[in-house]
Amino acid sequence: MTPSGQGPLHSPLGLLAELTHRCPLGCPYCSNPLALDTREDELDTATWARVLAEAAALGVLQVHLSGGEPAARRDLVDITAAAHAAGLYTNLITSAVGITEKTLGALADVGLDHVQISIQDSEASSADHIAGYDGAFARKRALASEVVRLKLPLTVNAVMHRANIDRVEDMVELALSLGASRVEIAHVQYYGWGLKNRAMLMPTRAQVERAAATVEELRTRHHGRIVIDAVVPDYHARYPKPCVGGWGRRSLNVTPAGKVLPCHAAESIAGLKFWNVREHALADIWANSPAFNAFRGTAWMKEPCASCPRREQDFGGCRCQAFALTGDAAAADPVCHLSPDHAKVAELAAVQSDEPYVYRRM
Ligand code: SF4
Ligand code: FES
C-alpha cells in the first residue's frame, strides 16, 4: 500500500528518460517545460546507468530514451548499453537531426530495440517551418531509411494541429513509404509550449471530425500493413483520457537534471515537490515522494469524479490540464463533459490565431 492508503502500489512499466533538453529543433508544441535544464545541470553517465538499473529492479520493462534530442549527448551509446544490460527494452525517441548513421549503427550494436522518429508534416517546407529548422524533413527521411536498413522497428510520430491535420492521410502514406510498422497520430497537448501556442495550433472542429473519419478509413485500408494509433484530441472529446495510465500508477519520468516526475508536464503544477535521483533511490521516490502520492488512487478526488463510475478508468483525466485550465490540479479534467468547467474548453477551442509560433529555444 502507499503510505496514506491510496490503494495498492503498482510497479511502473515505463520510464521516460529525458537525457537532455538540448535540441536543434524548435517545435512550438514541445512537451519539455518552459524552463529548460541546461547542459551543466544534466546527470552524468554513471548516474543514468544506476537509475536504469534501479528502474529495472523496480519492475520497469521499457525505457524511452528521449529529450530534447537524446543524440545531443555524447554518451548516448553508453547510456543505451547500460539500459540494455539492465534488461530494459530500449526505445529511442529522436528528431533525427543531429544523429549520424554511425551513431545509429553503434546504438544498434549495443542492443537498441526500437526507434521513433517525429515528423512534423508530409510536405518538406511545412515540416521545416513547424520544426523551426531548415532541412529537418530531408534528414528525417534519411535517418528513417537507415533505421529500416538496420532492421530496427520504426514508429513515426506525427503530432497533428491546425497546420497539418488536413494531411493526415499523406502522413500515414509517408510512414508506410518510410517502412514504419506503426504511426502515432498524436494531437498537440496544451500545456507548456503547446499552451503558449494554443491559439496558433488549435484545429477547427470540422478539421478534427474529418481527420477522425479519415483515420478510420485508413485503418481499414492498411490493415495488416501498418498499425495506426490515434485518439480524439482532448479539447474535442467528451471524456478525458486516462493520462499516463493514472498518476503514479504505470510510468515515471526522469528529467535531465534528475528530478523524477509522474508525467512529463508535472512541473507545470504549482506547489508539487519532486525528489531527485541524486538524493534518493528510484524505488524510494516511486513509493514515498510527495509528488507521486499527491494524486494516487481516488482519495484526492472531488466531485464529480469522487462518486463517478469512471473514476478507476480515466482517473479524473489529466492533472496538468486540470491545473492549466482551472488552477486546481485536483479538479476533474475540464475536457470531461461532467466537469463544471467544461464550457471553458469549448470557448478556448474556438480561439484561433495566425500569429507566428513561439518556438521552443533554449
Ligand atoms: Fe472521469 Fe471525473 Fe469525468 Fe467521471 S467526472 S468521467 S472520473 S473526469
Ligand atoms: Fe501531467 Fe496529464 S500530462 S497528468
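Look up: the structure comes first, before these words.
First, a word on scope: everything that follows refers to the structure included in this document. (Residues numbered from 1 in each chain as written. Chains lettered and ligands numbered in written order. Predicted model: local features only at pLDDT ≥ 70, side-chain atom pairs only at ≥ 80, totals over all residues. Heavy atoms only, no water.)

This paragraph deals with the pattern of salt bridges. Inspection of every chain in the model, using the stated rule, returns 19 salt bridges. A salt bridge links glutamate 169 to arginine 221, with the shortest nitrogen-to-oxygen separation between them at 3.1 Å. Here arginine 221 lies in helix α9 (residues 205-221) and glutamate 169 lies in helix α6 (residues 168-178), a separation of 52 residues in the sequence. Given a relative accessible area of 31%, glutamate 169 falls into the partly exposed group. Look at arginine 221 and you get partly exposed, because its relative accessible area is 38%. (Salt bridge = Lys/Arg side-chain N within 4 Å of Asp/Glu carboxyl O. Helix = DSSP H or I, 4+ residues; strand = E, 2+ residues; numbered from the N terminus. Buried < 20%, exposed > 50% of the residue type's maximum accessible area, 1.4 Å probe, protein only.)

Where helix α2 (residues 76-85) meets helix α3 (residues 101-109), the axes come as close as 9 Å, and the angle between the chain directions of the two elements is 20 degrees. In terms of orientation, α2 and α3 fall into the roughly parallel class. Considering the relative orientation of α2 and α3, their crossing is right-handed. Across the interface between the two elements, Leu76, Val77 and Thr80 of α2 pack against Thr103, Ala106 and Leu107 of α3. Across the contact of α2 with α3, the residue classes tally to four nonpolar, two polar and no charged. (Axes fitted to C-alpha atoms, helices over the stretch in contact; angles between N-to-C directions. Parallel < 35°, antiparallel > 145°, perpendicular 65-115°, else oblique. Left-handed = near helix turned anticlockwise from the far one by under 90°. Contact = heavy atoms within 4.5 Å. Nonpolar A, V, L, I, M, F, W, Y, C, P; charged D, E, K, R; others polar.)

Grouped together as the largest cluster of nonpolar side chains are 61 residues, with contacts concentrated most on Leu15, Ile117 and Leu282. Per-element accounting of this core gives the leading share, seven residues, to α6. Excluding its chain neighbours within four sequence positions, the residues that come into contact with isoleucine 117 are Thr94, Ala96, Lys140, Leu143, Ala144, Val147, Leu154, Thr155, Val156 and Asn157. (Core = buried A, V, L, I, M, F, W, Y, C linked by side-chain atoms within 4.5 Å.)

All right, on to the packing of aromatic side chains then. Applying the stated rule across the entire model yields four aromatic pairs. Measuring from centroid to centroid gives 6.0 Å for tyrosine 357 and tyrosine 359, while their planes differ by 80 degrees, and the two rings are edge-to-face. For tyrosine 357, a relative accessible area of 14% translates into the label buried. Residue classification places tyrosine 359 among the partly exposed positions, given a relative accessible area of 23%. Ring pairing ties together the aromatic residues Trp247, Phe295 and Trp300, which thus form one cluster. Above the ring of tryptophan 286, the side-chain terminus of arginine 296 is found at 4.8 Å from the ring centroid. Here the guanidinium or amino end of arginine 310 rests over the ring plane of tyrosine 239, the centre of that ring lying 3.7 Å away. (Phe/Tyr/Trp six-rings, centres within 6.5 Å; stacked < 30°, edge-to-face > 60°. Lys NZ or Arg CZ within 6 Å of the ring centre and 35° of its normal.)

A few words now on the site of ligand 1. Around ligand 1, the structure places Tyr239, Pro240, Pro304, Cys305, Cys308, Arg310, Arg311, Asp314, Gly316, Cys336 and Leu338. Taken together, the residues of the shell around ligand 1 break down into seven nonpolar, one polar and three charged. (Near = heavy atom within 4 Å.)

Let's shift gears to unusual backbone geometry. What you tend to see is this: most non-glycine residues have negative phi, and most peptide bonds are trans. Here glycine 67 and glycine 68 are connected by a cis peptide whose omega angle stands at 10 degrees. Mapped onto the fold, glycine 68 is located in the loop between β2 (62-66) and α2. At the junction of glutamate 303 and proline 304, the peptide bond is cis and its omega measures out at 10 degrees in the coordinates. Along the polypeptide, proline 304 turns up in the loop between α11 (290-294) and α12 (311-314). One non-glycine residue with positive phi stands out, namely valine 244, at about 45 degrees. Locating valine 244 in the fold gives a position in the loop between β7 (227-230) and β8 (251-254). Owing to a relative accessible area of 29%, valine 244 belongs among the partly exposed residues under this scheme. The phi dihedral of phenylalanine 315 is positive, around 55 degrees, even though this residue is not glycine.

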